[in-house]
Amino acid sequence: MSLWKELTAKEAEAARRDVPAPGREPVVVAQNLQPKPVERAAHAPAAAIEPRASRERVDTSREALISAGLTIEGKIQGTGHVRIAGNFNGDVQVEGNLTIEAGARLTGQVRAQNVVVGGELEGNIEGATRVELLETGVLSGDLKAQALVVAAGSRMRGRVEFGWDGKGEKPLKLRETGSGS
């Protein structure tokens with residue numbers, strides 16, 4: 001007794017050409033291997049279904065890029081995020097994040113929500129929620145922000161104010177941690 005049915009010569013030839021033999025159903029080896037999209041209920045918010053990592057990522061569909069090798073002069077103003085990998089001469093005022101890549105250069109005033117400096121910035125940063133100077137970052141100018149992160153190896157020349165409210169009058173209150181005291 002055999003565990004499989006022997007193919008006739010006609011069936012074997014049809015199998016080699018991926019054509020089903022007369023009277024036999026084709027064998028489906030694999031169907032669509034891509035995952036099905038998650039369907040959301042009309043009342044469920046998107047954040048409740050999407051994984052946490054995707055919510056924390058920057059939306060790059062709304063990010064403008066000045067690529068390496070380009071030099072642009074002018075003014076950037078609006079909403080969304082800006083990433084500079086080349087050279088930009090002018091002011092940047094965005095309701096989003098500004099990233100200056102290592103090797104990039106920006107000459108002008110900056111007003112953005114979060115600023116990451118990995119290249120060179122010659123100008124002032126004002127009104128930022130958070131400024132991060134990476135180890136390759138160079139800032140020549142004054143800085144006013146709520147929070148400042150400085151990596152070893154970064155350089156700065158200018159005046160710094162951080163941790164104060166928008167008026168510069170009183171320090172921001174630290175959040176209570178809930179530890180019993």
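For the structure itself, consult the block above.
Note that the coordinates shown come from a computational prediction; the quantities given were computed from them, not determined experimentally.

S.K.: Is there a simple way to think about the overall build of the chain in this case?
M.R.: If you tally the helices and strands in the chain, you get three helices and 14 strands. Out of the 181 residues belonging to the chain, those deemed buried represent 23%. Once local pairs closer than 6 in sequence are excluded, the contacts in the chain between residues at least 24 apart make up 1%. Looking at the chain as shown, the accessible area adds up to about 13,600 Å², and 51% of this sits on carbon and sulfur atoms.

S.K.: I would appreciate a short explanation of the pattern of salt bridges in the present structure.
M.R.: Between side chains of opposite charge, a pair can form as their charged atoms come close. Taken as a whole and assessed by the stated rule, the structure comprises seven salt bridges. One salt bridge in this structure joins glutamate 101 and arginine 83, with 2.2 Å as the shortest N-O distance. Taken together, the residues glutamate 101 in the loop between strand E5 (97-100) and strand E6 (105-107) and arginine 83 in strand E3 (residues 81-84) connect sequence positions 18 residues apart. Close ionic contact of arginine 159 with glutamate 161 constitutes a salt bridge, the shortest N to O distance being 2.9 Å. Among the residues examined, glutamate 161 registers a relative accessible area of 23% and is labelled partly exposed. Look at the salt bridges and you will find they share partners, linking Glu63, Arg83 and Glu101 into a network.

S.K.: Sorry if this is basic, but what is going on with the pairing of strand E4 (residues 87-95) here?
M.R.: For a regular strand, side-chain orientation follows a simple rule: the groups alternate between the two sheet faces. For strand E2 (residues 71-79) and E4, the ladder comprises nine bridges, and the chain directions are parallel. Note on E4: the bridge partner recorded for lysine 75 is aspartate 91. When E4 meets strand E7 (residues 110-111), the two strands line up parallel, connected through two bridges. Residue pairing across strands places glutamine 93 opposite arginine 111, the latter belonging to E7.

S.K.: For this particular structure, what's the right way to read the nonpolar core?
M.R.: Nonpolar side chains in soluble globular proteins tend to be buried together. Ile84, Leu98, Leu106, Val110, Val115, Leu121 and Ile125 are the most contacted members of the largest nonpolar core, which totals 23 residues. At the level of secondary structure, the elements contributing two or more residues to this core comprise E3, E4, E5, strand E8 (114-117), strand E10 (125-133) and strand E12 (143-150). The element contributing the most residues to this core is E10, with four residues. With residues up to four places along the chain from it excluded, the contact list for valine 110 reads Val92, Leu98, Val115, Leu121, Asn124, Ile125 and Glu126.

S.K.: Can you walk me through the side chain of threonine 99 in this structure?
M.R.: With respect to the helices, strands and loops of the structure, threonine 99 is situated in strand E5. If we skip the residues at most four places from it in the chain, threonine 99 touches Val82, Arg83, Ile84 and Val116.

S.K.: Would you mind going over the environment of histidine 81 with me for this structure?
M.R.: Mapping histidine 81 onto the fold places it in strand E3. Considered as a pair, histidine 81 and leucine 65 are 16 residues apart in the sequence and their alpha carbons are 8.7 Å apart.

Conventions and cut-offs
Residues numbered from 1 in each chain as written. Predicted model: local features only at pLDDT ≥ 70, side-chain atom pairs only at ≥ 80, totals over all residues. Heavy atoms only, no water. Helix = DSSP H or I, 4+ residues; strand = E, 2+ residues; numbered from the N terminus. Buried < 20%, exposed > 50% of the residue type's maximum accessible area, 1.4 Å probe, protein only. Contact = heavy atoms within 4.5 Å. Areas by Shrake-Rupley, 256 points an atom, 1.4 Å probe, with all protein chains shown as cover. Salt bridge = Lys/Arg side-chain N within 4 Å of Asp/Glu carboxyl O. Pairing = 2+ DSSP bridges. Core = buried A, V, L, I, M, F, W, Y, C linked by side-chain atoms within 4.5 Å.

Geometric descriptors of this kind do not, in isolation, establish any biological role.
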